Amino acid sequence: MEEKKARSTFSSLGFVLAAAGSAVGLGNLWRFPYLAAKDGGGLFILIYLVLVLSFGFALMTSEIALGRKTQKSPVAAFGEIGKTWKFVGWGATIIPALIIPYYAAIGGWVCKYAFTYLTGHGRDAVDASGGFFQTAIGITADGSVAWQPILWFFIFITATFIIVYLGVENGIEKASVILMPILLIIIIFIAGYSTFVKDEVSGRTALQGLSIYLVPNFKGLTLVKFLNIVLDAMGQMFYSLSLAMGIMITYGSYMKKDSSMPKSINQIELFDTGIALLAGFIMVPTVYCFLGEEGLGSAGPSLMFIALPQVFNGMGSFGLVIGALFFVLVIFAALTSCISLMEAVTATIMDRFNQSRKVSVIITYAIALVIGLIVCLGYNKFLFEVSFASVSGGQILDILDWATNSFLMPIVAILTCIVVGWVWGTDKALEEVQLNGEKFPRKPIFVVMTKYIAPVLLFIILLNSFGLFG
Ligand code: PFF
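To keep things clear, this report deals only with the structure shown in the data block.

Cut-offs applied
Residues numbered from 1 in each chain as written. Predicted model: local features only at pLDDT ≥ 70, side-chain atom pairs only at ≥ 80, totals over all residues. Heavy atoms only, no water. Helix = DSSP H or I, 4+ residues; strand = E, 2+ residues; numbered from the N terminus. Expected span 1.5 Å × (residues − 1). Bend = angle between axes of the 7 residues up to and from the residue. Buried < 20%, exposed > 50% of the residue type's maximum accessible area, 1.4 Å probe, protein only. Contact = heavy atoms within 4.5 Å. Phe/Tyr/Trp six-rings, centres within 6.5 Å; stacked < 30°, edge-to-face > 60°. Lys NZ or Arg CZ within 6 Å of the ring centre and 35° of its normal. Salt bridge = Lys/Arg side-chain N within 4 Å of Asp/Glu carboxyl O. Axes fitted to C-alpha atoms, helices over the stretch in contact; angles between N-to-C directions. Parallel < 35°, antiparallel > 145°, perpendicular 65-115°, else oblique. Nonpolar A, V, L, I, M, F, W, Y, C, P; charged D, E, K, R; others polar. Core = buried A, V, L, I, M, F, W, Y, C linked by side-chain atoms within 4.5 Å. Near = heavy atom within 4 Å. Polar contact = N/O pair within 3.5 Å; in protein donor to acceptor, adjacent residues only side chain to side chain. Areas by Shrake-Rupley, 256 points an atom, 1.4 Å probe, with all protein chains shown as cover. Patch = residues over 30% accessible without salt bridge, like charges linked within 9 Å, V, L, I, M, F, W, Y side chains within 5 Å.

A short note on helix H19 (residues 443-465)
Along an α-helix, a turn takes 3.6 residues, which lines up residues three or four apart on a common side.
Logical step 1: In this model H19 runs 30 Å from its N-terminal to its C-terminal C-alpha over 23 residues, within 8% of the 33 Å that 1.5 Å per residue would give.
Logical step 2: At Met 449, H19 shows its largest kink, close to 55°.
Logical step 3: Along H19, the positions that sit buried rather than exposed are Phe 446, Met 449, Thr 450, Ala 454, Pro 455, Leu 458, Ile 461, Leu 462 and Ser 465.
Logical step 4: Elements that come into contact with the buried residues of H19 comprise helix H3 (42-70), helix H10 (223-240) and helix H18 (396-433).
Logical step 5: After H19 finishes, the residue Gly 467 shows a positive phi value of roughly 75°.

Quick look at the packing of aromatic side chains
Logical step 1: One pass over the structure, following the stated rule, counts 31 aromatic pairs.
Logical step 2: Relative to Tyr 452, the ring of Trp 422 lies with its centre 5.6 Å away and its plane at 85°, an arrangement referred to as edge-to-face. Taken together, the residues Trp 422 in helix H18 and Tyr 452 in helix H19 connect sequence positions 30 residues apart.
Logical step 3: Here the basic side chain of Arg 31 rests over the ring of Tyr 239, its NZ or CZ set 5.9 Å away from the ring centre.
Logical step 4: Over the aromatic face of Tyr 288 sits the side chain of Arg 204, whose NZ or CZ is 5.6 Å from the ring centroid.

Remarks on the pattern of salt bridges
Logical step 1: In total, this model carries eight salt bridges according to the counting rule given.
Logical step 2: Residues Asp 232 and Lys 38 are paired through a salt bridge, measuring 2.9 Å at the closest nitrogen-oxygen approach. Here Asp 232 is found in helix H10, whereas its partner Lys 38 is found in helix H2 (residues 26-38), with 194 residues between them in sequence.
Logical step 3: Judged by relative accessible area, which is 45%, Lys 38 ranks as partly exposed.
Logical step 4: The shortest N-O distance in the salt bridge between Lys 257 and Glu 432 comes to 3.1 Å. With Lys 257 in the loop between helix H11 (247-253) and helix H12 (261-295) and Glu 432 in helix H18, this pair connects stretches of sequence that are 175 residues apart.
Logical step 5: By sharing partners, the salt bridges in this structure join Lys 38, Asp 39 and Asp 232 into a single network.

Describing the packing of helix H1 (residues 12-23) against helix H8 (residues 168-195)
Logical step 1: Where H1 meets H8, the closest approach of the two axes is 8 Å, and the angle between their N-to-C directions is 75°. Between H1 and H8, the angle is such that the two are roughly perpendicular. Facing Gly 14, Leu 17, Ala 18, Ala 20 and Gly 21 of H1, the residues of H8 in contact are Ile 172, Glu 173, Ser 176, Val 177 and Met 180.
Logical step 2: Along the lines of polarity and charge, the residues of the contact of H1 with H8 split into six nonpolar, three polar and one charged.

Concerning the nonpolar core
Logical step 1: Of all hydrophobic cores here, the largest spans 164 residues; its most connected members are Phe 238, Phe 305, Phe 326 and Phe 327.
Logical step 2: Here this core takes 21 residues from helix H14 (residues 317-353), the largest share from any one element.
Logical step 3: Residues in contact with Phe 327, not counting those within four places in the same chain, are Val 110, Tyr 113, Ala 114, Tyr 117, Met 304, Phe 305 and Phe 312.

Some words on the site of the ligand
Logical step 1: Contacts to the ligand come from 15 residues, most closely from Ala 23, Gly 27, Tyr 103, Tyr 239 and Ile 247.
Logical step 2: Measuring from a nitrogen atom of the ligand, one finds a backbone N or O atom of Tyr 239 at 2.8 Å.
Logical step 3: Here Ser 242 contributes a side-chain N or O atom positioned 3.1 Å from a nitrogen atom of the ligand.
Logical step 4: Summarising the interface, the protein chains cover 100% of the accessible area of the ligand, which totals 330 Å² for the free molecule.
Logical step 5: Counting residues per element, the ones that place at least two in the shell around the ligand are H1, H2, H10 and H14.

Quick word on a nonpolar patch on the surface
Logical step 1: Where nonpolar side chains cluster on the molecular surface, the patch consists of Ile 418, Trp 422, Val 423, Val 448, Tyr 452 and Ile 453 and spans about 520 Å² of accessible area.
Logical step 2: Turning to its location among the elements, Ile 453 is positioned in helix H19.
Logical step 3: The class for Ile 453 is partly exposed, based on a relative accessible area of 36%.

Fair warning: the whole summary comes from geometry, so function is off the table for now.
Here it is, written out as structure tokens:
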């Protein structure tokens, strides 16, 4: 008879680095700096910090406590509280399953940029009109199929697959323990270097741009604008901390009972927020320095994929080295996040359908390959026109992003607060958090946030997703 295998576990450091690896990703490196520049610099940062330390912290605590208590992945974990709540776990599993394909497609674009810089062709990526970027993502003028994005997507998703296949200790923990410290060193180095650059043509320095990033800008601030900044910060915080996606429940289920939960949570928050702040520290001042205020208007992908290569170019020949380091850093960040997404789905298949890791991860990989292929082809002119994307006006990637982050995520998060706060009860959650007599100074914040404030704020995020606040 087959013996039931003990659940895999992370070491204390392994847990923090794996969870931080999940949290630190494209959201920190490209979305945070862009939002900070758009939303009043220091004002956005201040609001973001308050939200991470209260709201984000409460939800992260709920999820990790639920995972460690039940030692199960999301569906089974919610099922332990009551069979009725299993659907919340399913919701939390569908989200990463839908995020993986588009996250890996973007990971593929980053690989293409890193390859270009590492092979000494960084200047090819400098194209203010975005031609290089269009080729990288597969927009072809005649509707022919572009193979490059598919190839790079395949490389990225396969690397993710191999690490998850190797398991919790030998794959995820090892990858996180190696990649996260390197990532930290690279980002500190780039931040240090880029603070002192100067554009000889315009005479601007990065140090001048630092004030745009750090000083709160109240110019033209109205109540509606302020609310929109708060909403931007809330959405960003959720995405950045990998909340409401089943991940912290799954990783919590691998946390050792003698690891300190309050300390680990502090460290994950610090890591994630620190990297986001450093990314802004690099991008906002340098883009201002080399491209002026208009450069800071670059929304979404164009900030990282079109504006930054121009910045690296402006830094002279050493800029190409910085560019290579930067895109390698982005690969590491995206990879550790994608690993966590794939693990959340894999663990659910393993627990729910009693399958081996091997079978479960192959199923997850296969689903990701199919949907990812569709995402990559979504930029093809011909396929775009015949697909439903043309009706909604967005790319398939944008549709998946909206459906997961703006629609499903707030719903799952509201339900998580209700189930943990009212059904399971914050007292039970606190027992798990304070196991072994751990001190938990933010206990009152956790209780009030989870039970009362977070569900209301989440409901507002949900309404905002449907454009109710303009
Ligand atoms: N937190 C990651 C980021 O900031 O890019 C992205 C992410 C990973 C989102 C895992 C959601 C998730 F479940």
